[in-house]
Amino acid sequence: MTVKTYPWWKDSTIYQIWPASFRDSNGDGFGDIPGIIKSLDHIKSLGASVVWLSPHYDSPQDDMGYDISNYEAIYEKYGTMDDMNQLIEEVHKRGLKLVCDLVINHTSSEHAWFKESKSSLDNPKRDWYIWRKPRYDDKGNRLPPTNWLSHFSGSAWNYDETTDEYYLCLFAKTQPDLNWENEETRNAIYKSALEFWFKKGVDGFRIDTAGMYSKKFAKDGKSFEDAPIVFPEQYYQPSSDFTTNGPRIHEFHKEMFEKVTSNYDVLTVGEVGHCSKEEALKYVSANEKEMNMMFLFDVVDVGSDKQDRFRYNGFTLKDFKDAVAAQSDFIKGTDAWSTVFIENHDQPRAVTRFGNTSNKQLWAKSAKLLALLQTTLTGTLYIYQGQEIGMTNLPRSWDIEEYKDINTINYWAQYKEKTPNDPEADKKLLDVINLVARDHARSPVQWDDSANGGFSTGTPWTRVNDNYKEINVKAQTGDPDSVFSFYQNAIKVRQLHKELFIHGDFEILDYENDKLFTYVKSSADQKSYVVLNFSNEDVPFKPLISGDLKLINSNVKDVNENTLTPYEGRVYLVE
Ligand code: TEU
């Protein structure tokens, strides 16, 4: 058998921490860095080798830290710089690595750079952000420079009276987009957001909105064009044609690689979302020298409109297979690399969305089924806090007031403005929010069955899921039948057969089957056969491949040769 070696970031399993809801050590109701340090052994025992920490920087928290007011300071509720230095040390002491979040498409409007930029038309930092003059309709009403829609509803431009101009903000009004066209701005970003932390010893970055830095100008090279109308019932329209994968994006990434990231042995993973196979290869082909790997959203967006997650129409298993293939296949035969993930802080809980939480037995079985899927796909594996114990979405019975995410709040408010009295429509939208809102990932991690699930001794900033007594880390640790133990073992199996599961080729065998998801993973000298029953029915089992099948992992105790029970999954070696 050939033994190959790979860069560490390919073979790693990465555990994502979203600090506000991970673990509170001082009873103020917010997760914090000392709470993370206390929990590193849990992460290590899962089998993860890298921790990705969502933004820990100083921030007014309008978008939970993705609105940074100072790249070189810590948000005070999370701790101090000393705590952060200690975290880096404690992570390294355990042989783990630490990857931070790099949010450089925008800053907070509270960042000193923006305060300067906003102060006058001739401030030296004026051009560090994207300012444009208003336009006016026939009646003389002031309008934003374009009809671009914010990802958080309404206009992507915000008017500023001081200078009678609008600034671009593709997310919240308090998240102004930085002007990457300005070289001085780019160098300041490299120094403050990247170098500062590399010098402290962090091992890489998850690069937020990595496809959005280069905006596409109109022919005059300065103004912007209106976006095409895709949602006819509203004025503001998705701007992605002008704001994602733009004309200079690869130049910017190449510069960041050359000037900064290539000087360190670090992991870089870009959140890109959607792009063609050709475009994807530009970002993550090794030869292009931009980033190591990227997150594509095919799987997590399945069933939703790509431009608006709350326009949800459901999906078939075939759609899901397509999505998995899209994220896996683009690297086939290339020097590019990809990622495997099904949850993060922007997504609902996978077991609710893709599994079955109607009873305890199916909940555990389908959470394990998803673990089998994730641990057998090609690329670097990412696991989001709580996924390893099968945490679920928030209960449908909760009121909309329990939802705290700006994305959800703005969307609901805008909907209510247009539709004040329609209980039927309300119910429909609430069903969708209960399925796909970002809030589901953001409820506190359930550590044990004590008050607040052991997350905090104070009042949690956001409500703990009612099911913490049944679903928690303590109950699952050491229980051989738990979802957590299953993840531990599945990660071991993945590591034991790296060539197949981390690096192998992926081929779907039963594309048209609407109950089973069957695929083959192959390396130079081995094959694995994976069959996953995504339905709530017994399905006959007939191997679609020749050779002897040797079972190496499964989520049931007694495997029946001829039948797959509901949500049963099996991983075989083909001999
Ligand atoms: O997300 C960018 C992104 O494209 C999303 O998935 C976003 O959550 C979605 O468009 C909203 O419906 C990143 C971060 O992951 C997210 O948490 C931030 O809110 C966002 O950037 C702004 O920094």
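Residues numbered from 1 in each chain as written. Predicted model: local features only at pLDDT ≥ 70, side-chain atom pairs only at ≥ 80, totals over all residues. Heavy atoms only, no water.

### Considerations on helix α4 (residues 81-93)
Okay, so step 1: With 13 residues, α4 should cover 18 Å at 1.5 Å per step; its first-to-last C-alpha distance of 18 Å lies within 8% of that length.
Okay, so step 2: Three or more residues of α4 are buried, namely D83, M84, L87, I88, E90 and V91.
Okay, so step 3: Of the surrounding elements, those touching the buried residues of α4 are α2 (33-38), α3 (40-46), β2 (50-53), β4 (70-74), β5 (97-102) and α6 (183-199).
Okay, so step 4: Directly beyond the C-terminal end of α4, a positive phi value near 75° is found at G95. (Helix = DSSP H or I, 4+ residues; strand = E, 2+ residues; numbered from the N terminus. Expected span 1.5 Å × (residues − 1). Buried < 20%, exposed > 50% of the residue type's maximum accessible area, 1.4 Å probe, protein only. Contact = heavy atoms within 4.5 Å.)

### Observations regarding the site of the ligand
Okay, so step 1: Contacts to the ligand come from 18 residues, most closely from D63, H106, D346, N407 and R438.
Okay, so step 2: Residue H345 places a side-chain N or O atom 2.9 Å away from an oxygen atom belonging to the ligand.
Okay, so step 3: One of the side-chain N or O atoms of D346 is found 2.5 Å from an oxygen atom in the ligand.
Okay, so step 4: About the coverage of the ligand: the protein hides 91% of its 490 Å² of free accessible area.
Okay, so step 5: Looking at side-chain class alone, the shell around the ligand contains four nonpolar, six polar and eight charged residues. (Near = heavy atom within 4 Å. Polar contact = N/O pair within 3.5 Å; in protein donor to acceptor, adjacent residues only side chain to side chain. Areas by Shrake-Rupley, 256 points an atom, 1.4 Å probe, with all protein chains shown as cover. Nonpolar A, V, L, I, M, F, W, Y, C, P; charged D, E, K, R; others polar.)

### Considering the domain arrangement of the chain
Okay, so step 1: Once the domains are mapped, the chain shows domain 1 (13-107 + 183-396 + 444-487), domain 2 (112-168) and domain 3 (505-574).
Okay, so step 2: For domain 2 and domain 3, the distance between their C-alpha centroids amounts to 55 Å. (Domains from an automatic or database assignment.)

### Some details on the sheet that holds strand β24 (residues 569-574)
The strands making up a sheet associate through hydrogen bonds between their backbones, and the pairing can be parallel or antiparallel.
Okay, so step 1: An order of β18-β19-β20-β24-β22 is seen for the five strands of this open sheet, with the pairing classed as antiparallel. Each end of this open sheet is capped by a strand with a single partner; those strands are β18 (505-508) and β22 (549-554). Here the average twist between neighbouring strands, direction ignored, is 25°.
Okay, so step 2: Sheet analysis places β22 next to β24, joined by five bridges and oriented antiparallel. Counterpart to L549 in the pairing with β24 is V574. (Pairing = 2+ DSSP bridges. Axes fitted to C-alpha atoms, helices over the stretch in contact; angles between N-to-C directions.)

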